[in-house]
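Geometric and topological summary
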Amino acid sequence: MAATDTPTPPTPAVPATLRIFTGADSFGCDLKDALLSHLRSLPGVEITDLGTDKYYSVAEQIGHRVSSSPSSPETRGLLACGTGVGVSIFANKFPRVYASTCTSVADAVNTRSINNCNVLCVSGSSTSPEDGVKILDAWLQTPFKSSCPASGDKPWPNEIESFLDNSTAEMAQIPKSASPSSNCAICCLRKGLEFEPIAIMPGAEMKIVRESPTSAVVKFKAGSVEPAHHHTFGHDVLVTKGRKKVWNLDKNESYELGEGDYLFTPAGDKHRVKYFVDTEFFIRWDGDWDIFLDEDLEAAASAIKVEIEGSN
């Protein structure tokens, strides 16, 4: 079954308060489909089903999306494989993703209360659709820091609640970005590179550092603009210096990125970019380089001016 990657909007007249990406491998697809049907009956939930793929591939896709999504609306993931463990391993490779394998309602309540779990992983081989719905509902309905079996179904003591309050900010910093004096691989790749101008993007220079999968280091001068464009490949970006803002026009979302920030843009998504200071970033994609412009530079500059003035 191919991935649809098409959002199912929330119930009419109910604004989306929660976005959920779903996916499974062949051992978990029946359970995922049952839970997907239940999700579609809930108000205020926008669902994007990525279909069925190898467990590590679909987990990577959902990990990407949860990690790089804006804070509003809240974004979560639902994954299923034979055990529920394999998908959790690969979803958890991304910052700000807290995936947990849950085989009971108690597991779901505990991991929401303690870990602020945002990706639920379930077992297609050991969990029935009926039990799966109970686990899913418990995961959806349990707030962070709430009473749970681990707390004796009582409120957490003040010292534990204080620890949980501080844990979210600390967890979000893992993995920590490398300091300028470190020997990180990206910084080492950048040293000694001879950059070439990108003719289609004024103010930009790029140097390919590896082919298939392809990676490059890119520089933009302060004030530069990337007109709305898209690629036939999805790409990962990690900012190593400076500050930029990305507008995803297909999703009607925007992201402000500074040093150490990461963003994944899916294939085909039209996006526009503004660079506020001299900026460098590392970019990785699969396949050959291509770029398709969806507007000219003047139109992009005008749209960005309106957007920025409107937000002030």
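Residues numbered from 1 in each chain as written. Predicted model: local features only at pLDDT ≥ 70, side-chain atom pairs only at ≥ 80, totals over all residues. Heavy atoms only, no water.

Digging into the packing of helix 4 (residues 105–115) against helix 5 (residues 129–141)
We apply this condition: Working convention: axes come from line fits to C-alpha atoms, limited for helices to the stretch in contact. Angles between N-to-C directions cover 0 to 180 degrees. Only runs of H or I of at least four residues qualify as helices and only runs of E of at least two qualify as strands under DSSP, and these elements are numbered from the N terminus. The cut-offs work like this: below 35 degrees is roughly parallel, past 145 is roughly antiparallel, 65 to 115 is roughly perpendicular, and the gaps in between are oblique. What makes a crossing left-handed is the near helix being turned counterclockwise from the far one by less than a right angle; a clockwise turn instead makes it right-handed. In what follows, residue pairs with any heavy atoms lying within 4.5 Å of each other are defined as contacts. Polarity classes work like this: nonpolar for Ala, Val, Leu, Ile, Met, Phe, Trp, Tyr, Cys and Pro, charged for Asp, Glu, Lys and Arg, and polar for all others, with Gly in that last group.
Packing of helix 4 against helix 5 brings their axes to within 8 Å, and their N-to-C directions diverge by 20 degrees. As judged from the angle between their axes, helix 4 and helix 5 are roughly parallel. The crossing of helix 4 and helix 5 is right-handed. Packed against helix 4, whose contacting residues are Val105, Ala108, Val109 and Arg112, the element helix 5 presents Lys134, Ile135, Ala138 and Trp139 at the interface. Residue composition of the contact of helix 4 with helix 5, grouped by class: six nonpolar, no polar and two charged.

Side note on the side chain of arginine 112
Applicable threshold: Only protein chains enter the area calculation, which uses a 1.4 Å probe; residues under 20% of their type maximum are buried, those over 50% are exposed, and those in between are partly exposed. Two residue types count as positive, namely Lys and Arg, and two as negative, namely Asp and Glu; His and chain ends fall outside the count. Salt bridge criterion: a side-chain nitrogen from Lys or Arg within 4 Å of a carboxyl oxygen from Asp or Glu. Identification of polar contacts relies on pairs of N or O atoms within 3.5 Å, with a donor-acceptor requirement for protein atoms, meaning one able to donate a hydrogen and the other able to accept it, and with residues adjacent in sequence counted only if both atoms are side-chain atoms.
Here arginine 112 shows up in helix 4. Buried charge arginine 112 goes without a salt bridge, the closest partner of opposite sign being glutamate 74 at 4.6 Å. There is a polar contact of 2.9 Å between the side chain of arginine 112 and the backbone oxygen of cysteine 117. Setting aside residues up to four positions removed in sequence, arginine 112 forms contacts with Arg76, Cys117, Trp139, Thr142, Pro143, Phe144 and Lys145.

By themselves, these are just geometric observations and shouldn't be taken as functional.
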